[in-house]
Amino acid sequence: MDNLKKISADRQFCLAGHLGWRGETMRSMWTGAISFGLIHIPVKLFAATEDKDVRFNWLHKECNSPVQYKKHCPHCNKEVGQDDLVKGFEYEKGRFVLIADEELEALAPEGTRTIDIKSFVHLKEIDPIYFAKTYYLAPDGRGQKAFALLRAALQEADRLALAKVVLRAKESLAAVRVYKEGLAMHLMLFPEEIRGLEGLGDIGVGMAIDAKEKTMALQLIDSLTEPWEPVKWHNEYQTRVRELIDAKIQGQTPVEAPRVAATGNVIDLMAALKASIEQAKEKQAKPPAPPTTKKRQKTS
């Protein structure tokens, strides 16, 4: 139990779910420039999001030692190193064409370190399915004035900029837009990377909709409509996982998540809509429960 007391403060901070220090100065992951007509704005790129998932290691259950993964050739029946590997594309089952790193490098887009703005569009014209990854942009060196000018122009015009950028030797489509007091850059998917709906089968297109049921559905939507408040939404599963880990480290009995009653197939759609509306009204009328704090058991 004495070992538990040796857990570092940053480890306990992590287990509590606070991954990353708020207010910490972020480190840039890329430097370059925004090309805007004849204007070049030196910028730095920062990750705007972070993965909060809890990561587990695989252990050998007989001794609890972390397992290792090794590259093994089944034909030669031996372990191979990185220097023994080449890239291959399987074009038929069991048949490969070899591709050298030099050949791929010759095809790679030139790393110009430039966010090359091509055009401007309204945000509402782009379906969210195209957005893949978000970054923050900040002026680098003496680029503050030009950076502020671009931000002000985008805000006044109510547009975002579509650009091409090369990150990690990969060419990407990007959208640069105003975000709060700064600029955000969204890496986007190309149209060929978006799958169509054709493979989903029958999704009810053209099905007749009962007018009363549609009215009830609209009422349900209205009753559940509220302003977007991001702070209200949390990953409850990840929180419970961290609490489980923390409880095990502290020697406590883990608390299971509350069970939700299973719902059957909806037979009477109108009855289900009415019940849902009543449930939404009751939820809105009920005051939120005050937050509870759990007392930690002391460990010896």
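Owing to the predicted nature of the structure, the values given are computational and were not obtained by experimental measurement.

A. Region of the structure containing the pattern of salt bridges. Following the criterion strictly, the structure yields seven salt bridges and no others. For the salt bridge of Lys 87 with Asp 101, the shortest nitrogen-to-oxygen distance reads 2.7 Å. With Lys 87 in strand β7 (residues 87–92) and Asp 101 in helix α2 (residues 101–107), the pair connects residues that are 14 residues apart, well separated along the chain. Classification of Asp 101 by relative accessible area gives partly exposed; the value is 39%. Ionic pairing is found between Glu 171 and Lys 164, a salt bridge with its closest N-O pair at 4.0 Å.

B. Local environment of the environment of Ser 35. Position of Ser 35 among the secondary structure elements: in strand β1 (residues 30–36). With relative accessibility at 10%, the residue Ser 35 sits in the buried group. Non-local contacts of Ser 35, meaning those with residues more than four positions away in its chain, are made with His 40, Thr 114, Ile 115, Asp 116 and Ile 117.

C. Representation of the side chain of Thr 114 within the structure. One can find Thr 114 in strand β9 (residues 114–121). Judged by relative accessible area, Thr 114 falls into the buried class, the value being 17%. Those residues within four positions of Thr 114 in sequence are excluded, and the remaining contacts are Trp 30, Ala 33, Ser 35, Lys 164 and Val 165.

Criteria and thresholds
- Residues numbered from 1 in each chain as written.
- Predicted model: local features only at pLDDT ≥ 70, side-chain atom pairs only at ≥ 80, totals over all residues.
- Heavy atoms only, no water.
- Salt bridge = Lys/Arg side-chain N within 4 Å of Asp/Glu carboxyl O.
- Helix = DSSP H or I, 4+ residues; strand = E, 2+ residues; numbered from the N terminus.
- Buried < 20%, exposed > 50% of the residue type's maximum accessible area, 1.4 Å probe, protein only.
- Contact = heavy atoms within 4.5 Å.

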